[in-house]
Amino acid sequence: MSAFDEIAATSTSRMTIVTTRAGDEMDGCLVGFSTQCSIDPIRQLVCLSVKNRTFELAQRASDLVVHPLHDTAHDFALARLFGENTARDTDKFAQCRWAEGPGGVPVLAGLDWFAGPVVDRFEVGDHVAHVVDVSTGSAPRAHEPWLMLRDVLDLDPGNPP
C-alpha cells in the first residue's frame, strides 16, 4: 500500500449522496470527494466518477442535491444502497423514501441536504468536478457526527473503481 493510500484510508472526508434528474431519468450515488469551494457565493465542489450512471445524468442536469451523511444505521444503509448499486441494474429510489426537491431532483427522506444549479463542470482525472451554486437546503441533523470515508471503505462499489 502506498503512503497516499495509507493516508487516504484514515481520511476525514465526509461522505455524501448526490442525486440528480435529467428529464424523466433520476439517479444518485455515494460520493467521497465533495467540499465547499466558495463563501460568497456559497458553492460546493462535487466530484462524480466518469464510470457512474449518476455522472452521465449530471452532465445533462441543471441541478444537484447533496445529502451529507451522518454516522447512523439509517444513513449507513443509504450509503450502502447508493454506493453498492448502479441504476443500470437497480432502482435505488424504489428502495428508499424520497420526495421531489428543487428542479424535480430527489431529496432523500430523513437526511440533511442542500441543492442548487450546476454552474461549472471540469475534468479532474477519473472524476468530473461539478460546482453547485447552493441556493436551498435543510439541516435538522447537522449537529450529529458525520459518516466518513474511512467508515465505508469495506463497501463493494456498484461501479468499477
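The rules behind the values
- Position labels on residues start from 1 in each chain and follow its written sequence.
- The model is predicted, so local features are restricted to residues of pLDDT at least 70 and side-chain atom pairs to those at 80 or more, both for listing and for counting; the totals for chains, interfaces and linings are taken over all residues.
- Only hydrogens and water are set aside; all other atoms, that is, all heavy atoms of the structure, feed into the side-chain values.
- Going along the chain from the N terminus, every DSSP run of H or I of four or more residues is numbered as a helix, and every run of E of two or more is numbered as a strand.
- Radius of gyration here uses only the C-alpha atoms, and the compact-globule reference equals 2.2 Å multiplied by the residue count raised to the power 0.38.
- Only protein chains enter the area calculation, which uses a 1.4 Å probe; residues under 20% of their type maximum are buried, those over 50% are exposed, and those in between are partly exposed.
- Whether two residues touch is decided by their heavy atoms; if any such pair falls within 4.5 Å, the residues are in contact.
- All accessibility values rest on the Shrake-Rupley procedure with a 1.4 Å probe; residue burial counts only the protein chains present in the view.
- We score Asp and Glu as negative and Lys and Arg as positive, and we do not count His or the chain ends.
- Each charge is placed at NZ for Lys, CZ for Arg, CG for Asp and CD for Glu.
- Buried residues of nine kinds, namely Ala, Val, Leu, Ile, Met, Phe, Trp, Tyr and Cys, make up a nonpolar core once their side-chain atoms join them within 4.5 Å.
- Polar contacts, as counted here, are pairs of nitrogen or oxygen atoms within 3.5 Å of one another; within protein the pair requires one atom able to donate a hydrogen and one able to accept it, and residues that are adjacent in sequence qualify only if both atoms are side-chain atoms.
- Salt bridge criterion: a side-chain nitrogen from Lys or Arg within 4 Å of a carboxyl oxygen from Asp or Glu.

**Some details on the overall build of the chain**
Right, on to step 1. Across its full length, the chain holds three helices and 10 strands.
Right, on to step 2. Scanning the chain from its N terminus toward the C terminus, one meets helices and strands in the order α-β-β-β-β-α-β-α-β-β-β-β-β.
Right, on to step 3. Taking 15 Å as the expected radius of gyration for a compact globule of 161 residues, we find that the chain reaches 15 Å, a close match to that expectation.
Right, on to step 4. Seen through its principal axes, the chain has C-alpha atoms that stretch 40 × 35 × 35 Å.
Right, on to step 5. Sorting the 161 residues of the chain into buried and exposed places 45% on the buried side.
Right, on to step 6. Here the contacts in the chain between residues at least 6 apart in sequence split such that 70% fall between residues at least 24 apart.
Right, on to step 7. Entry remark: accessible area of the chain is about 8200 Å², with carbon and sulfur atoms responsible for 52%.
Right, on to step 8. Distance between charge centres in the chain, computed from 13 positive and 23 negative side chains, equals 3 Å.

**Overview of the environment of Leu48**
Right, on to step 1. Structurally, Leu48 can be placed in strand β4 (residues 43-49).
Right, on to step 2. With relative accessibility at 1%, the residue Leu48 sits in the buried group.
Right, on to step 3. For the pair formed by Leu48 and Ala58, sequence separation is 10 residues and the distance between their alpha carbons is 8.6 Å.
Right, on to step 4. Look past the residues within four positions of Leu48 in its chain and what remains in contact with it is Val18, Cys29, Val31, Thr54, Phe55, Ala58, Asp126, His127, Val128 and His130.

**A closer look at the nonpolar core**
Right, on to step 1. One finds Leu30, Leu69, Phe82 and Val152 to be the most contacted residues of the largest nonpolar core, which totals 16 residues.
Right, on to step 2. Beyond its immediate chain neighbours, meaning those up to four positions away, Phe82 contacts Ile17, Gly28, Cys29, Leu30, Lys92, Phe93, Cys96 and Leu108.

**Here we look at the side chain of His67**
Right, on to step 1. Along the polypeptide, His67 turns up in strand β5 (residues 63-68).
Right, on to step 2. Taking relative accessible area as the criterion, His67 reaches 0% and is therefore assigned buried.
Right, on to step 3. Only 3.0 Å separates the side chain of His67 from the backbone nitrogen of Leu108, close enough to count as a polar contact.
Right, on to step 4. Dropping the residues within four chain positions of it, His67 is found in contact with Met15, Thr16, Ile17, Thr19, Pro106, Val107, Leu108, Leu111, Asp112 and Trp113.

**Section: the pattern of salt bridges**
Any two side chains of opposite charge can pair if their charged atoms end up close together.
Right, on to step 1. For the coordinates displayed, the defined rule picks out nine salt bridges.
Right, on to step 2. Where Arg53 meets Glu25, a salt bridge forms, and the shortest distance between an N and an O atom there is 2.7 Å. Placement of Arg53 in helix α2 (residues 53-58) and of Glu25 in strand β2 (residues 25-31) is noted, with a sequence separation of 28 residues between them.
Right, on to step 3. Judged by its relative accessible area of 32%, Glu25 falls in the partly exposed class.
Right, on to step 4. Taking the shortest distance from any N to any O, the salt bridge between Asp133 and Arg43 comes out at 3.6 Å. With Asp133 in strand β9 (residues 127-133) and Arg43 in strand β4, this residue pair connects regions lying 90 residues apart in the sequence.
Right, on to step 5. Judged by relative accessible area, Asp133 falls into the partly exposed class, the value being 22%.

Read these as spatial facts, not as claims about activity.
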